Amino acid sequence: MTDLAVLSKQSGSGAASSDPEQGLLQVSGLTVTYGDGESAAVKAASFDVRRGERVAVVGESGSGKTTMALAVAGLLTAGSAQITTEEIVFAGKQLKRERPRKVPFRTPGLSMVFQDAMTSLDPVASIGSQFRSVLRGVRKISRREAGERAAEWLARVGMADTGRVMNLRPYELSGGMRQRVMVALAMCGRPQLLIADEPTSALDASVSRDVMDLMVEMTDQEGASLLIVTHDIELCRQYADRMIVMYRGEIVDICHTERIEQEATHPYTRALLACVPTLNSVGLDRLPTLEQFVRDPSSGSAAA
Ligand SMILES: Nc1ncnc2c1ncn2[C@@H]1O[C@H](COP(=O)(O)OP(=O)(O)OP(=O)(O)O)[C@@H](O)[C@H]1O
Ligand SMILES: [Mg+2]
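Residues numbered from 1 in each chain as written. Chains lettered and ligands numbered in written order. Predicted model: local features only at pLDDT ≥ 70, side-chain atom pairs only at ≥ 80, totals over all residues. Heavy atoms only, no water.

## A look at helix α3 (residues 127-138)
Owing to its 3.6 residues per turn, the α-helix brings residues three or four apart onto one side. Our working rule: Segments assigned H or I by DSSP are reported as helices when at least four residues long, segments assigned E as strands when at least two residues long, and all are numbered from the N terminus. How far a helix is expected to stretch is found by multiplying one less than its residue total by 1.5 Å. Each residue's exposure class comes from its accessible area (1.4 Å probe, protein chains only) as a fraction of the maximum for that residue type: buried when under 20%, exposed when over 50%, partly exposed otherwise. By the convention used here, residues are in contact when the closest approach between their heavy atoms is within 4.5 Å.
An ideal rise of 1.5 Å per residue puts 16 Å on twelve residues; α3 measures up with 17 Å between its terminal C-alpha atoms. When α3 is considered as a whole, its buried residues turn out to be I127, G128, Q130, F131, R132 and L135. Buried residues in α3 make contact with α4 (143-156), α5 (162-166) and α6 (175-187).

Now the structure itself:
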């Protein structure tokens, strides 16, 4: 069986931004190892996110996408992982991630949403009280003002009857509604960067697009950047300006989404693109797998 790991790594042509004025997040040489693991989950990762930009991190399961996002967000706690970096700069400030603490870092200007709202929201607290705690953690405001702000945010994410929703617990909402609440909770602190880890993979296709559209709309309105972690390369193409491709803990390509066909240099990225069904796949009995494609790139073409 072809081992994709032995394939040469080539640098992506969608290079990191060189204009510091536009840069929001700059990550250099981030390495994360769990426990006394022999192999790092993330290996010397370097990338940047510009202000107002949408960047997707894509790669197969276990490639290190979540680990990279959690390390940047400061959510890997002491004892769980060892982190080394050359530098992480966010909004002009150095983030110290090398010495994780027992409790996660709170990074002003950075919010995160996760795949499963049910495990991220507090199951026993009402939606209103979860908003109040976030809003009053960010800015000293009265309970009443926090309640008003919360209702505004719920309305902004398309929730009707916000007064009633404020009194509900997460289990009383549908999956799509819970994701909307998560997006509103993440955005109500007015972040400059929203990191979304597989935000829609637990939802059906149409609700998933609605939630993506909502995140794009909210971040656009706030002038915030979006870093989306996903398995879905089509979702990347549709929503992201640039795509970071991870394979076995390494960033193997960084490409502009609209020029991905030209800019993708690594065989894994090319294989990933070839394995997405298109109208040209109609003549194929079966779509090629990544391994098949790497062995024989012509396996992605329909027979004449
Ligand atoms: N808390 C942990 N302790 C030990 N190893 C971990 C931990 N979390 C992740 N790993 C390992 O680190 C590697 C990267 O995992 P990670 O969850 O970052 O991948 P991923 O790309 O997000 O995968 P998925 O697409 O399945 O979410 C995997 O080998 C995983 O088993
Ligand atoms: Mg993950």
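That covers the picture; the talk isn't over yet.
## Concerning the environment of R156
As for its position among the elements, R156 is in helix α4. Sequence separation between R156 and R180 is 24 residues; the distance between their C-alpha atoms is 9.6 Å. Filtering out sequence-adjacent residues up to four positions away, R156 remains in contact with R190, L214, M218, Q221 and E222.

## Some points on the site of ligand 1
Formally: The criterion for a residue being near a molecule or strand is simple. One of its heavy atoms has to lie within 4 Å of it. Two N or O atoms form a polar contact when they lie within 3.5 Å of each other; inside protein one atom must be a possible hydrogen donor and the other a possible acceptor, and for residues adjacent in sequence the pair counts only when both atoms belong to side chains. Using a 1.4 Å probe, the Shrake-Rupley method yields the accessible areas, and only the shown protein chains count as cover for residues. Ten residue types, Ala, Val, Leu, Ile, Met, Phe, Trp, Tyr, Cys and Pro, are classed as nonpolar, four, Asp, Glu, Lys and Arg, as charged, and the remainder, Gly among them, as polar.
Y34, A41, E60, S61, G62, S63, G64, K65, T66, T67, E198 and H231 make up every residue found near ligand 1. Between T67 and ligand 1, the recorded distance is 2.5 Å, taken from a side-chain N or O atom to an oxygen atom. Across the complex, the protein chains shield 55% of the 630 Å² of accessible surface that ligand 1 would expose by itself. By residue number, the principal contributor to the shell around ligand 1 is helix α1 (residues 65-73), which donates three residues. Along the lines of polarity and charge, the residues of the shell around ligand 1 split into two nonpolar, seven polar and three charged.

## Topic: the nonpolar core
Soluble, globular proteins show a tendency: their nonpolar side chains are buried together. Condition: Side-chain atoms within 4.5 Å are what join buried Ala, Val, Leu, Ile, Met, Phe, Trp, Tyr and Cys residues into a set we call a nonpolar core.
Residues F131, L154, V181 and M215 are the most contacted members of the largest nonpolar core, which totals 39 residues. Mapped by element, the contributors of at least two residues to this core are α3, α4, α5, α6, β8 (193-197), α7 (205-222), β9 (225-230) and α8 (233-239). Considering each element in turn, this core owes the most residues, seven residues, to α6. Residues within four places of F131 in sequence aside, it is in contact with A150, W153, L154, V181, A184, L185 and C188.

## Here's the deal with the sheet that holds strand β3 (residues 54-58)
Put simply, the rule reads: At least two bridges found by DSSP between two strands are what make those strands a pair. Orientation is described by axes fitted as lines to C-alpha atoms, over the contacting stretch for helices, and by angles from 0 to 180 degrees between their N-to-C directions.
The strand order across the open sheet built from six strands is β7-β8-β9-β3-β10-β11, with neighbouring strands paired in mixed fashion. A strand with exactly one partner marks an edge of an open sheet, and here the two such strands are β7 (110-113) and β11 (250-256). Pairwise comparison of adjacent strand axes, ignoring direction, gives a mean angle of 15 degrees for this sheet. In terms of strand pairing, β3 meets β9 through five bridges, oriented parallel. Note on β9: the bridge partner recorded for V57 is V229. Set on the sheet, α1 makes contact with β3, β7, β8, β9, β10 (242-247) and β11; between it and β7 the angle comes to about 150 degrees. In the packing of helix α10 (residues 267-274) onto the sheet, the strands contacted are β3, β10 and β11, and the crossing angle to β10 comes to about 110 degrees.

## A few points about the pairing of strand β4 (residues 81-84)
Burial along β4 is one-sided: the face carrying A81 and I83 is buried and the face carrying Q82 and T84 is not. In this sheet, β4 lies alongside strand β1 (residues 23-34) in antiparallel orientation, the contact comprising four bridges. Bridging across to β4, T31 finds its partner in T84.

## Some points on the layout of surface pockets
Let me state the cut-off plainly: Lining residues are those with an atom within 4 Å of a point, where the points come from a 1 Å grid over the protein atoms alone and group into cavities, where a 1.4 Å probe fits but cannot get out, or pockets, open sets with protein on both sides within 12 Å along at least five of seven lines. Grid points are joined across faces, edges and corners, and a volume is the space filled by probe spheres set on the points.
By volume, the largest pocket is sized at about 890 Å³. Lining the largest pocket we find 26 residues, and of these R106, S111, M112, V134 and L185 sit closest to its centre. Mapped by element, the contributors of at least two residues to the lining of the largest pocket are β7, α3 and α6. No other element matches the five residues that α3 contributes to the lining of the largest pocket. Split into classes, the residues belonging to the lining of the largest pocket amount to 15 nonpolar, eight polar and three charged.

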